[in-house]
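A structural walkthrough
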Amino acid sequence: MELRLEKYCAQAAKLSRSQIKAALRQKRILFNGRLAKGGEKIIPGQDQVCLDGEELVWQQHIYLMLNKPKGVVSATRDSREKTVLDLVPEKYQRPGLFPAGRLDKDTTGFVLITDDGEFAHRMLSPKHHVEKAYQALLAGSFTGEMARQFETGCVLKDGYQCLPAQIRLLEQGENALVEIVLREGKYHQIRRMAAACGSRVLELKRIRLGELPLDPNLAPGECREILHKELHKILTTSTPRDQERP
Ligand code: URA
């Protein structure tokens, strides 16, 4: 794989193309020990590129944590709607980015965006049971029967038997604010589980993937890179065998 120097630098240094152009004008970039002019073809892992004396190391894949706002679809492209990829700043853009898993248009919170298909496959594979934690506002009162149904595995209106899930009441007012932890990710799952219990989801936010919580410093619509040391926390699963499907 070959890349133009500007693109290589923008991705490796997480800078915009205009910042790279400025760095080129200011003669701050070296290509294989010589002053870079711009437009050179770079072979990652073979050529050496330095910015301000620091080598720019090519990262094969990128992993982003997005705090998805409402009204944005979890798709790579959409002719009418704004997508989660439209929210990724230029410095993180690269070919092949996609959201690993979907949230509904009105659900907010943690979406992982990556260009690493193998990682996404492991994260989404039902066999890994990666936990997904949500905060949900459910219409009406939280009941013991609702807790029992979630914890033993709700039967959805189409007959699907869910895996056991955890549910915990955080606050009861006119409606119930709860935390829900799932180990599977079916279409509209929480909305359908709530409906199976005679309730309705008013608000839904994903707050954790595996053991990695949504960064509280990310405002809705903002994203940041997931650090290498954080990445393995996503695949850490704590599903004891006896909590699997009865
Ligand atoms: N469950 C839902 O119903 N919707 C989501 O977006 C995520 C989980």
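In this text the structure is predicted, and so the values were computed from the model without any measurement. (Residues numbered from 1 in each chain as written. Predicted model: local features only at pLDDT ≥ 70, side-chain atom pairs only at ≥ 80, totals over all residues. Heavy atoms only, no water.)

Some thoughts on the site of the ligand
Near the ligand, the surroundings consist of Leu 103, Asp 104, Thr 107, Tyr 134, His 188, Gln 189, Ile 190, Arg 191 and Leu 204. The contact in question runs from an oxygen atom of the ligand to an N or O atom on the side chain of Thr 107, over 2.8 Å. Contacts to the ligand include Arg 191, whose backbone N or O atom sits 3.0 Å from an oxygen atom. Broken down by element, the shell around the ligand gets its largest block of residues, 3 residues, from helix H5 (residues 189-196). The class makeup of the residues in the shell around the ligand is 4 nonpolar, 3 polar and 2 charged. (Near = heavy atom within 4 Å. Polar contact = N/O pair within 3.5 Å; in protein donor to acceptor, adjacent residues only side chain to side chain. Helix = DSSP H or I, 4+ residues; strand = E, 2+ residues; numbered from the N terminus. Nonpolar A, V, L, I, M, F, W, Y, C, P; charged D, E, K, R; others polar.)

Brief notes about the UniProt feature "domain: RNA-binding S4" (unreviewed entry) in the protein chain
According to UniProt, the "domain: RNA-binding S4" (unreviewed entry) feature falls on residues 3-63. The annotated region residues 3-63 carries 30% helix and 25% strand content, and the separation between its end C-alpha atoms amounts to 20 Å. (UniProt positions renumbered as here; feature names shortened; annotations may be inferred.)

As for the pattern of salt bridges
Using the criterion set out here, one finds 14 salt bridges in the structure. Note that Asp 52 is salt-bridged to Arg 28, the shortest N-O span being 2.8 Å. Here Asp 52 is found in the loop between strand S5 (49-51) and strand S6 (54-55), whereas its partner Arg 28 is found in the loop between helix H2 (17-25) and strand S2 (29-31), with 24 residues between them in sequence. Between Asp 115 and Arg 94 there is a salt bridge; the shortest N-O distance is 3.1 Å. Pair noted here: Asp 115 is in the loop between strand S9 (108-114) and helix H3 (117-124) and Arg 94 is in the loop between strand S7 (63-68) and strand S8 (98-99), with a separation of 21 residues, a long-range link. The residues Asp 115 and Arg 94 share a single accessibility class, namely buried. Residues joined by salt bridges that share partners form a network here, namely Glu 131, Arg 183 and Arg 208. (Salt bridge = Lys/Arg side-chain N within 4 Å of Asp/Glu carboxyl O. Buried < 20%, exposed > 50% of the residue type's maximum accessible area, 1.4 Å probe, protein only.)

Describing helix H1 (residues 5-13)
Of all the 9 residues making up H1, 7 are buried; the element is thus mostly covered by neighbouring parts of the structure. Taken as a whole, H1 has its buried residues at Leu 5, Glu 6, Tyr 8, Cys 9, Ala 10, Gln 11 and Ala 12. Against the buried residues of H1 lie strand S1 (3-4), H2, S2, strand S4 (41-42) and S5. (Contact = heavy atoms within 4.5 Å.)

A few points about the sheet that holds S6
In spatial order, the strands read S3-S2-S5-S6; together these 4 strands make up an open sheet with antiparallel pairing. Each edge of the sheet is formed by a strand with only one pairing partner; in this case those strands are strand S3 (34-35) and S6. Sheet topology places S2 next to S3; 2 bridges connect them, and they run antiparallel. Bridge pairing links Phe 31 to Arg 34 in S3. Contacts from H1 reach S2 and S5, with the element oriented near 60 degrees to S5. (Pairing = 2+ DSSP bridges. Axes fitted to C-alpha atoms, helices over the stretch in contact; angles between N-to-C directions.)

Thoughts on unusual backbone geometry
Look at Asp 52: it is not a glycine, yet its phi comes out positive at around 50 degrees. Using a relative accessible area of 49% as the deciding quantity, one classes Asp 52 as partly exposed. At His 129, a position not held by glycine, the phi torsion is positive, near 50 degrees.

A short note on the state of the cysteines
Following the criterion strictly, the structure yields 0 disulfides and no others. Considering cysteine sulfurs only, Cys 50 is the nearest to Cys 9, which forms no disulfide, with 9.7 Å between them. A residue is classified by how much of its surface remains accessible, and Cys 9, at 0% relative accessible area, is buried. Considering cysteine sulfurs only, Cys 154 is the nearest to Cys 162, which forms no disulfide, with 5.5 Å between them. Residue Cys 162 is classed as buried on the basis of its relative accessible area, which comes to 0%. (Disulfide = S-S within 2.5 Å.)

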